[in-house]
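Here is how the chains run, residue by residue.
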Protein chains: 2
Amino acid sequence: MQITSLENERVKKYCRLKEKKYRDQENQFIVEGNHLVEEAYRAGLIDEVILEIGEECSFNVPIVFVTKEIIAKITTLESPPTILALCHKKEMKESLGNKILILDEIQDPGNLGTMIRSSKAFHIDSIVLGEGCVDFYNPKVLRSTQGMIFHSNIVTAKIEGLIPKLKKENIVVYGTRVESGIDIRTIKKEKKEKFALIMGNEGNGVHQEILELCDEYLYIPMSEEVESLNVAIATSILLYEFDRR
Amino acid sequence: MQITSLENERVKKYCRLKEKKYRDQENQFIVEGNHLVEEAYRAGLIDEVILEIGEECSFNVPIVFVTKEIIAKITTLESPPTILALCHKKEMKESLGNKILILDEIQDPGNLGTMIRSSKAFHIDSIVLGEGCVDFYNPKVLRSTQGMIFHSNIVTAKIEGLIPKLKKENIVVYGTRVESGIDIRTIKKEKKEKFALIMGNEGNGVHQEILELCDEYLYIPMSEEVESLNVAIATSILLYEFDRR
């Protein structure tokens, strides 16, 4: 198929998917650029490739050829790529596994994306997004994950309701706080096998009522001159330490 | 002093400082919002506070009152703050100390900012920016550092020229690479006292000719499914590990 009109209904549909509302409604999303399209293909998520006329693509999926102008209209990138793909959302596993990262109101897409990437690097089984988190099919999140999102188990849930269930499964629920916490360098091996780590909003941290439900509290030792680390940095250091043997 | 005209020469000067060229020429820069203005004040860098008419400010520096519209014109923030400050650049120390972070062509302002913040947290003495790095007085960098930039020693230098000098001072120069490197969890205590860590560009890593000058190479152990971490994340984990006793 080839489309040359900017007013084509299919083009309009692709554009609508920039909004979370339509991504949720259609259960679809767009990925942009070679690397992400390839990762989405490997994960079996592509419904159709959207390709600039004249370009080639070896994937075994339907291809819609479009003009440069149409790609420029669909993309959220400043320099439009030659390839995009319409994908269906990944089916996530209900079982969360033994190593869980829980995110409470993370709002910056770049932060969420790098946290998803670090989670994969340090063997996290599932990521739980609480209410108020940025949508993980947001184009900026997808880019920051470098495609790792397609190979991660990510679910949304109400955190307050989830914690008691985790505790029943003997998963230790960790929060972070500066005072009267445990130095992360001293967590015992056996407490690194089944855990859930809760990290909170960029400005305000984890909600107080959620923090109170935690079993233990951790802190990262650092210079007193610094109030805090960026949340994606802190999360990655914590996950690195949990992954340490 | 009070300014109400958008065409005022002083307002034009403030606006020009959005560009690196003028920041270099004037040796000045603008900080935006309460938190950063406060940190700049603590560091003694403020030449004058730029305050919205009707607001109050207790700092002992000249104040220029301006309209909301003028602030909106000067600021790079989407929601204009009520306070800005014109600052002079910090004088940096020539001596780099024993713990040095060297950055080769880091281009993302958010990455540079969080790396500066993490450096302070993990007791780095100086940060060296090689050619091609984003300007550290860029407004987005300033914001991401959360003010830590005013309390850090940051210099620019040609990296190839600097490395031999560091080696003469018995500073171990570390690069990172995935193959045939040292697992960062196994660095010996005595090799954590005097070191320079070189981190490279978001897409391409450290330049080959610089990498070849390093004494040793490090890697962060992680899942094979992940190609790499975000550079600010990798840097912070490395610095955290160097700071580990």
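Keep in mind that what you see is a predicted model, and the values were worked out from it rather than measured. (Residues numbered from 1 in each chain as written. Chains lettered and ligands numbered in written order. Predicted model: local features only at pLDDT ≥ 70, side-chain atom pairs only at ≥ 80, totals over all residues. Heavy atoms only, no water.)

Enquirer: Quick question: what am I supposed to make of the relation of the copies chain B and chain A here?
Expert: Taken together, a rotation about one axis and a shift along it account for how the two chain copies relate. Each copy superposes on the other: chain B lies on chain A with an RMSD of 0.0 Å after a rotation of 180° and an axial shift of 0.0 Å. Such values leave the two copies arranged in the relation of a two-fold axis. (Least-squares fit on C-alpha atoms with pLDDT ≥ 70 in both.)

Enquirer: Please explain the domain arrangement of chain A as it appears in this structure.
Expert: In many reports, interface size means the accessible area that the parts give up when they come together. All names here are of chain A. When its domains are assigned, chain A resolves into domain 1 (2-88) and domain 2 (99-242). A C-alpha centroid distance of 32 Å is found between domain 1 and domain 2. With 15 residues of domain 1 at the contact, the number on the domain 2 side is ten residues. Between domain 1 and domain 2, a total of about 1100 Å² is buried, with carbon and sulfur atoms accounting for 67% of that surface. Looking only at domain 1, the three residues that lose the most surface to domain 2 are Arg 23, Phe 29 and Leu 36, adding up to 39% of its buried area. If you look at where domain 1 meets domain 2, you find five residue pairs in polar contact (both at pLDDT 80 or more). For the side of domain 1 that touches domain 2, the elements supplying multiple residues, two or more each, are α2 (20-26), β2 (28-32) and α3 (34-42). Ranked by residues supplied to the side of domain 1 that touches domain 2, first place goes to α3 with five residues. (Domains from an automatic or database assignment. Contact = heavy atoms within 4.5 Å. Buried area = accessible area lost by both parts, 1.4 Å probe. Polar contact = N/O pair within 3.5 Å; in protein donor to acceptor, adjacent residues only side chain to side chain. Helix = DSSP H or I, 4+ residues; strand = E, 2+ residues; numbered from the N terminus.)

Enquirer: Would you mind showing me how to read the state of the cysteines here?
Expert: Note on terminology: a disulfide is the covalent bond linking the sulfur atoms of two cysteines. One pass over the structure, following the stated rule, counts zero disulfides over all chains. Free cysteine Cys133(A): the closest other cysteine sulfur is in Cys214(A), separated by 15 Å. Judged by relative accessible area, which is 16%, Cys133(A) ranks as buried. The thiol of Cys15(B) is unpaired, and the distance to the nearest cysteine sulfur, on Cys87(B), comes to 16 Å. (Disulfide = S-S within 2.5 Å. Buried < 20%, exposed > 50% of the residue type's maximum accessible area, 1.4 Å probe, protein only.)

Enquirer: Looking at this structure, I do not really get the nonpolar core. What am I missing?
Expert: Note that soluble globular proteins tend to have their nonpolar side chains buried in a common cluster. Formed by 110 residues in total, the largest nonpolar core has its most connected members in Val31(A), Leu103(A), Val31(B) and Leu103(B). Beyond its immediate sequence surroundings of up to four residues, Val31(A) is in contact with Leu36(A), Val37(A), Ala40(A), Leu84(A), Ala85(A), Cys87(A), Leu142(A) and Phe150(A). (Core = buried A, V, L, I, M, F, W, Y, C linked by side-chain atoms within 4.5 Å.)

Enquirer: Just checking my understanding: could you explain the confidence of the model for chain A for this structure?
Expert: Caution applies to low-pLDDT regions: their predicted coordinates should not be interpreted in detail. Here chain A averages 93 in pLDDT, and 100% of its residues register 70 or above. Our summary of model confidence lists the complex with pTM equal to 0.90 and ipTM equal to 0.88. (pLDDT = per-residue confidence, 0-100.)

Enquirer: Can you help me understand the packing of aromatic side chains in this one?
Expert: Given two aromatic rings, one states the distance between the centres and the angle between the planes to describe the pair. Enumeration according to the criterion identifies 15 aromatic pairs over all chains in this entry. Plain terms: the ring middles of Tyr41(A) and Phe59(A) are 4.2 Å apart, the flat faces sit at 15° to each other, and that makes the pair stacked. With Tyr41(A) in helix α3 and Phe59(A) in the loop between β3 (46-52) and β4 (63-66), this pair connects stretches of sequence that are 18 residues apart. On the accessibility criterion, Phe59(A) (19% relative accessible area) is buried. Through pairs of rings, three or more aromatic residues link up here, namely Phe29(A), Phe136(A), Tyr137(A) and Phe150(A). The ring of Tyr217(A) is capped by Arg177(A), whose NZ or CZ atom sits 3.8 Å from the centre of that ring. The lysine or arginine in question, Arg16(B), covers the ring of Tyr22(B), its NZ or CZ lying 5.5 Å from the ring centre. (Phe/Tyr/Trp six-rings, centres within 6.5 Å; stacked < 30°, edge-to-face > 60°. Lys NZ or Arg CZ within 6 Å of the ring centre and 35° of its normal.)

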